[in-house]
Amino acid sequence: MSNPTPPFPEPGSAVPDFSMPASHGRTVSLHALQGHPFVLYFYPKANTSGCTKEACEFEAALADLLKDGVNVIGVSRDGMPAIEKFAADHNLTFPLASDSDGKVTEAYGVWVEKSMYGRKYMGIERATFLIDATGHLVQAWRKVKVTNHVAAVRKAIATLTLQAAKAQ
């Protein structure tokens, strides 16, 4: 009997392909990001408190991340009008992508059964993926707690940057 495929990418494996519409009239795709490391983070819903805090923390760190050559992309299943409003309300300059058909959230294993007040429902598990310049997963954070999360991601990026510098 063969081992089942994990429901999400494993470190070292190639990440699932994607192409999605994003804020400010952009499109984000794995193909367009080839050659540069990036952070792909999934959030449940635009303009909710935890999602706003996380997005604002990524925005605050964005200049340093871009200086390190790392792009940031946020993904939810919200439609583009909600995403555009979220980006405008909080001056978010990095792409926020709409996975309205759910293919990307399912491919990355973040569309999960959740429970609140005894009611079960499907939703996005807050998760972040650090992907290298070749499209392979470096590190995944699942069931993310927003507090100090961006700092943890930046620490992993610093390690990745150091490894890349040593390899040259």
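Preceding this paragraph is the structure being described.
Residues numbered from 1 in each chain as written. Predicted model: local features only at pLDDT ≥ 70, side-chain atom pairs only at ≥ 80, totals over all residues. Heavy atoms only, no water.

J.: How should the overall build of the protein be read in this particular structure?
T.: Summing up its helical and strand segments, the protein has five helices and nine strands in all. At 16 Å, the protein has a C-alpha radius of gyration in line with the 15 Å of a compact globule built from 168 residues. Structurally, the protein occupies a C-alpha span of about 50 × 50 × 30 Å along its principal axes. By the burial criterion, 42% of the 168 residues in the protein qualify as buried. Taking the intrachain contacts of the protein between residues at least 6 apart in sequence as the baseline, contacts between residues at least 24 apart amount to 63%. Carbon and sulfur atoms form 56% of the exposed surface of the protein, whose accessible area is close to 8900 Å². For the protein, the distance from the average site of its 17 positive side-chain charges to the average site of its 16 negative ones is 6 Å. (Helix = DSSP H or I, 4+ residues; strand = E, 2+ residues; numbered from the N terminus. Rg over C-alpha atoms; globule rule 2.2 N^0.38 Å. Buried < 20%, exposed > 50% of the residue type's maximum accessible area, 1.4 Å probe, protein only. Contact = heavy atoms within 4.5 Å. Areas by Shrake-Rupley, 256 points an atom, 1.4 Å probe, with all protein chains shown as cover. Lys, Arg positive; Asp, Glu negative; His and termini not counted. Charge placed at Lys NZ, Arg CZ, Asp CG, Glu CD.)

J.: Could you clarify how one ought to interpret the nonpolar core in this entry?
T.: Side chains of nonpolar character tend, in soluble globular proteins, to be buried together. Grouped together as the largest cluster of nonpolar side chains are 27 residues, with contacts concentrated most on V39, Y41, Y43, F58, V72, F94 and L96. When residues of this core are traced back to their parent elements, those giving at least two are β3 (38-42), α2 (49-67), α3 (80-89) and α5 (149-167). Among the elements that make up this core, the one with the highest residue count is α2 (six residues). Sequence-distant contacts of F58, defined by excluding residues within four places in its chain, comprise V39, Y41, L65, V72, F94, T128, H149, V150 and V153. Core analysis: the next-biggest nonpolar cluster, separate from the first, contains 21 residues, V28, L30, F42 and L137 among them. (Core = buried A, V, L, I, M, F, W, Y, C linked by side-chain atoms within 4.5 Å.)

J.: Help me understand the layout of surface pockets in this model?
T.: Taken as a whole, the largest pocket spans an internal volume of roughly 190 Å³. Lining the largest pocket, in full, are P44, V112, E113, K114, I124, E125, R126, K143, V144 and K145. Of the residues forming the lining of the largest pocket, the biggest block, three residues, is contributed by strand β6 (residues 111-116). Tallied by class, residues from the lining of the largest pocket come to four nonpolar, no polar and six charged. Breaking the lining of the second largest pocket down by element, the ones donating at least two residues are β6 and β7 (119-124). Counted by class, the lining of the second largest pocket contains four nonpolar, one polar and four charged residues. (1 Å grid on protein atoms, 1.4 Å probe; cavity = no way out; pocket = protein on both sides within 12 Å on 5 of 7 lines; lining within 4 Å. Points joined across faces, edges and corners; volume = space filled by probe spheres on them. Nonpolar A, V, L, I, M, F, W, Y, C, P; charged D, E, K, R; others polar.)

J.: Mind showing me how you'd approach the environment of F58 here?
T.: Counting through the fold element by element, F58 comes out in helix α2. Residue classification places F58 among the buried positions, given a relative accessible area of 0%.

J.: Looking at this structure, I do not really get unusual backbone geometry. What am I missing?
T.: Generally, phi is negative for residues other than glycine and the peptide bonds are trans, each holding for most cases. A positive phi angle, close to 55°, is found at Y117, a residue other than glycine. Locating Y117 in the fold gives a position in the loop between β6 and β7. Note on Y117: relative accessible area 83%, which makes it exposed. A positive phi angle is found at K143, which is not glycine, with a value near 50°. By the element assignment, K143 lies in the loop between β9 (137-141) and α5.

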